[in-house]
Amino acid sequence: MEKYDYLIVGSGLFGSIFAYEATKKGKKCLLIEKRNNIGGNIYTEKIHGINVHKYGAHIFHTNNKEIWDYINQFSEFNRYTNSPVANYKNELYNLPFNMNTFNRLWGVITPEEARRKIEEEKAEARIKEPKNLEEQAISLVGTTIYEKLIKGYTEKQWGKKCSELPNFIIKRLPVRLIYDNNYFNCKYQGIPIGGYTCIIEKMLKDVEVWLNYDYFEHKKELEKIAKKIVFTGPIDKYYDYRFGKLEYRSLKFETEEININNYQGNAVINYTDFETPYTRIIEHKHFEYGKSLGNEENEETQNHTIITKEYPITWDDTKEPYYPINNEKNNNLYIKYNQQAKKDSNIIFGGRLGTYKYYDMDKVIEEALNTLRNEKII
Ligand code: FAD
Ligand code: UDP
């Protein structure tokens, strides 16, 4: 009765890797995707010679050689290194927080001077056990950096006061006492030459894919179509919110083409004040390392550029759930869904939304490969 071995819901990185490996091993897969395009949030589209990251800047980075080798079989990567710049009321600072940032903020030259300055500010704040993000940030980097580079950005990003946010969010922000603007502490980093969509196209080359096809709109027809379902959408929605709703943060992207060669001189500029309504502007051509030097470049992209402003917005059922909000309340709720999932032997949840985890791409690949091992497919 079942026509397929696997019905895969979602063509993001998780669903596409699963479909690729399972098909290679002779499993019959059907992949459905509610959007008009494959790739999920890593989808890129070539517009007038520039690969546009349609769902926000995506920089691949990992310390795991197995994962780096895995993704490199689908594409060559350039040597782009993420070095975002922060704009606080027209003062520009290098990120992540490093000696260039400290020099610009305080005029300090040596790491020892910078360390002392941060210690001084921490001591003044008199925080013993940080209880929230504000206290955690101040005890990590002092008050000046918190006020100029963290507070406004974080409150816009999460829609809550820093004093009401959990500590863990800020743990992602690296602090360094060396002159190094490389954002990621990773051995391997880059952007696929030609964009991410080519990778997904290769993965799905031999897979039956139905676009504009939402699982929830066709649930009845789909229930018996496959022996197992691999679901990469929101787990709470799959179970019709039976234990309650998980919370997410959404985004609005505003993309425009401008008739200028070089708009901002960097791929990513963060706006860290509270008043600017967007968190960052990305200029897509600068992701293509070596192609855009800001003065001379290939004819195709010489006279124009494409930028995207990223606005964090409140999530509701009508918006895309981009970020899980992993606070204690939501994590406890997720545990209930996960326990339910473990009882249902014909469904596998995967990816950022299926497992309600703030996963980067490398972690999603790792998780997909582990799932395939559990299924004894690889
Ligand atoms: P997704 O890409 O979300 O794919 C899920 C797919 O399922 C979507 O295409 C969706 O349309 C589809 N779907 C959902 N419900 C249904 C349904 N009912 N029916 C049919 N289809 C459905 N990671 C990095 O490593 N580096 C970065 O620089 C980075 N930057 C990021 C920036 C932003 C703004 C965001 C939001 C994420 C970023 N990430 C980054 C994380 C990265 O996007 C994810 O790790 C990865 O894309 C997750 O893949 P996925 O397959 O789990 O989910
Ligand atoms: N952050 C900040 N200022 C910045 C950039 C980031 O305070 O200029 C904080 C913010 O709280 C954010 C977290 O660091 O939510 C992680 O940011 P990052 O850009 O590393 O993660 P992403 O949003 O890309 O997942």
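Above: the structure in question.
Calculation notes
Residues numbered from 1 in each chain as written. Chains lettered and ligands numbered in written order. Predicted model: local features only at pLDDT ≥ 70, side-chain atom pairs only at ≥ 80, totals over all residues. Heavy atoms only, no water. Salt bridge = Lys/Arg side-chain N within 4 Å of Asp/Glu carboxyl O. Helix = DSSP H or I, 4+ residues; strand = E, 2+ residues; numbered from the N terminus. Buried < 20%, exposed > 50% of the residue type's maximum accessible area, 1.4 Å probe, protein only. Pairing = 2+ DSSP bridges. Contact = heavy atoms within 4.5 Å. Axes fitted to C-alpha atoms, helices over the stretch in contact; angles between N-to-C directions. Near = heavy atom within 4 Å. Polar contact = N/O pair within 3.5 Å; in protein donor to acceptor, adjacent residues only side chain to side chain. Areas by Shrake-Rupley, 256 points an atom, 1.4 Å probe, with all protein chains shown as cover. Nonpolar A, V, L, I, M, F, W, Y, C, P; charged D, E, K, R; others polar. Phe/Tyr/Trp six-rings, centres within 6.5 Å; stacked < 30°, edge-to-face > 60°. Lys NZ or Arg CZ within 6 Å of the ring centre and 35° of its normal. 1 Å grid on protein atoms, 1.4 Å probe; cavity = no way out; pocket = protein on both sides within 12 Å on 5 of 7 lines; lining within 4 Å. Points joined across faces, edges and corners; volume = space filled by probe spheres on them.

Visitor: So, the pattern of salt bridges: which residues are in play, and what are the values?
Guide: By the definition in use, this model includes 23 salt bridges. Across the pair Lys-122 and Glu-119 runs a salt bridge, and its minimum N-O distance is 3.4 Å. Taken together, the residues Lys-122 and Glu-119, both in helix H4 (residues 111-125) and three residues apart, mark about one turn of the helix. For Lys-122, a relative accessible area of 25% corresponds to the partly exposed category. According to the relative accessible area criterion, Glu-119 is partly exposed, its value standing at 36%. The shortest N-O distance in the salt bridge between Arg-280 and Glu-310 comes to 3.1 Å. A residue pair is termed long-range when its members are at least 10 positions apart, and Arg-280 in strand S13 (residues 280-283) and Glu-310 in strand S14 (residues 305-314) qualify at 30 residues. Grouping residues by exposure puts Arg-280 and Glu-310 together as buried. Salt bridges sharing common partners tie together Lys-34, Arg-35 and Glu-320.

Visitor: Please provide a residue-by-residue account of the sheet that holds S13, values included.
Guide: Spatially, S7-S6-S12-S13-S14-S11-S15 is the arrangement adopted by the seven strands of the open sheet, whose pairing is mixed. A single partner strand is all that each edge strand has here, and the edge strands are strand S7 (91-94) and strand S15 (323-324). Here four bridges tie S13 to S14, and the two strands are oriented antiparallel to one another. Looking at S14, one finds that Arg-280 is bridged to Glu-310. Each of strand S6 (85-88), S7, strand S11 (248-258), strand S12 (268-271), S13, S14 and S15 is contacted by helix H6 (residues 143-158), which is oriented at about 90 degrees to S6, the strand it contacts most.

Visitor: Lay out the site of ligand 2 with the relevant residues and their values.
Guide: Among the 16 residues in the neighbourhood of ligand 2, the closest are listed as Leu-149, Thr-154, Trp-158, Tyr-183 and Tyr-358. Contacts to ligand 2 include Trp-158, whose side-chain N or O atom sits 3.0 Å from an oxygen atom. At a separation of 2.8 Å, an oxygen atom of ligand 2 approaches a polar side-chain atom of Tyr-183. The fraction of the free accessible surface of ligand 2 (520 Å²) that becomes covered by protein chains is 92%.

Visitor: Can you break down the site of ligand 1 residue by residue, with the values?
Guide: Around ligand 1, the structure places 31 residues, and the nearest of them are Glu-33, His-58, Arg-352, Tyr-359 and Met-361. The separation between an oxygen atom of ligand 1 and a polar main-chain atom of Asn-41 is 2.9 Å. Asp-214 places a polar side-chain atom, nitrogen or oxygen, 3.0 Å from a nitrogen atom of ligand 1. Relative to its free-state accessible area of 1,000 Å², ligand 1 is covered by the protein chains to the extent of 96%. Elements with a contribution of two residues or more to the shell around ligand 1: helix H1 (13-24), helix H11 (351-354) and helix H12 (361-374). Considered class by class, the residues forming the shell around ligand 1 number 16 nonpolar, nine polar and six charged.

Visitor: Mind laying out the packing of aromatic side chains, listing which residues take part and the relevant values?
Guide: Scanning the entire structure with this criterion turns up 32 aromatic pairs. On the basis of an interplanar angle of 75 degrees and a centroid distance of 5.0 Å, the ring pair of Tyr-6 and Phe-18 is categorised as edge-to-face. In this pair, Tyr-6 is assigned in strand S1 (residues 4-9) and Phe-18 in helix H1, connecting sequence segments twelve residues apart. With respect to burial, Tyr-6 and Phe-18 carry one shared label: buried. Taking 5.7 Å as the distance between ring centres and 65 degrees as the angle between the ring planes, the aromatic pair formed by Phe-60 and Phe-77 counts as edge-to-face. One end of the pair, Phe-60, is in strand S5 (residues 60-62); the other, Phe-77, is in the loop between helix H2 (65-72) and S6, and 17 residues separate them in sequence. A residue is classified by how much of its surface remains accessible, and Phe-77, at 10% relative accessible area, is buried. Over the ring of Tyr-93 we find Arg-104; its NZ or CZ atom is 5.3 Å from the centre of that ring.

Visitor: Could you give an account of the environment of Ile-325, naming the residues involved and the relevant values?
Guide: Considering the arrangement of structural elements, one finds Ile-325 in the loop between S15 and helix H10 (328-343). The buried category is assigned to Ile-325, whose relative accessible area is 15%. Ile-325 sits 78 residues away from Glu-247 along the chain, and the two C-alpha atoms are 5.9 Å apart. Among all residues touching Ile-325, those that are not within four sequence positions of it are Trp-158, Glu-247, Tyr-248, Arg-249, Asn-330 and Tyr-356.

Visitor: Lay out the pairing of S14 with the relevant residues and their values.
Guide: Taking burial as the measure, the ten residues of S14 include eight buried ones, the bulk of the element. For S11 and S14, the ladder comprises ten bridges, and the chain directions are antiparallel. Bridge pairing in S14 places Ser-250 opposite Ile-313.

Visitor: Mind laying out empty space enclosed by the protein, listing which residues take part and the relevant values?
Guide: Tallying each qualifying case throughout the model produces two cavities of 30 Å³ or more. The calculated volume of the second largest cavity comes to roughly 30 Å³. Lining the second largest cavity we find Leu-13, Ile-42, Phe-60, Ile-71, Phe-77, Tyr-196, Ile-199 and Met-361. Classifying every residue of the lining of the second largest cavity by side-chain character gives eight nonpolar, no polar and no charged.

Visitor: Give a description of unusual backbone geometry that names residues and reports values.
Guide: Residues apart from glycine generally show negative phi values, whereas peptide bonds are mostly found in trans. Note the cis peptide between Leu-95 and Pro-96, where omega equals -10 degrees. For Pro-96, the position within the fold is in the loop between S7 and helix H3 (99-106). Here Asn-212, not a glycine, exhibits a phi torsion of approximately 50 degrees, which is positive. Inspection of the secondary structure puts Asn-212 in the loop between strand S9 (208-210) and helix H8 (219-222).

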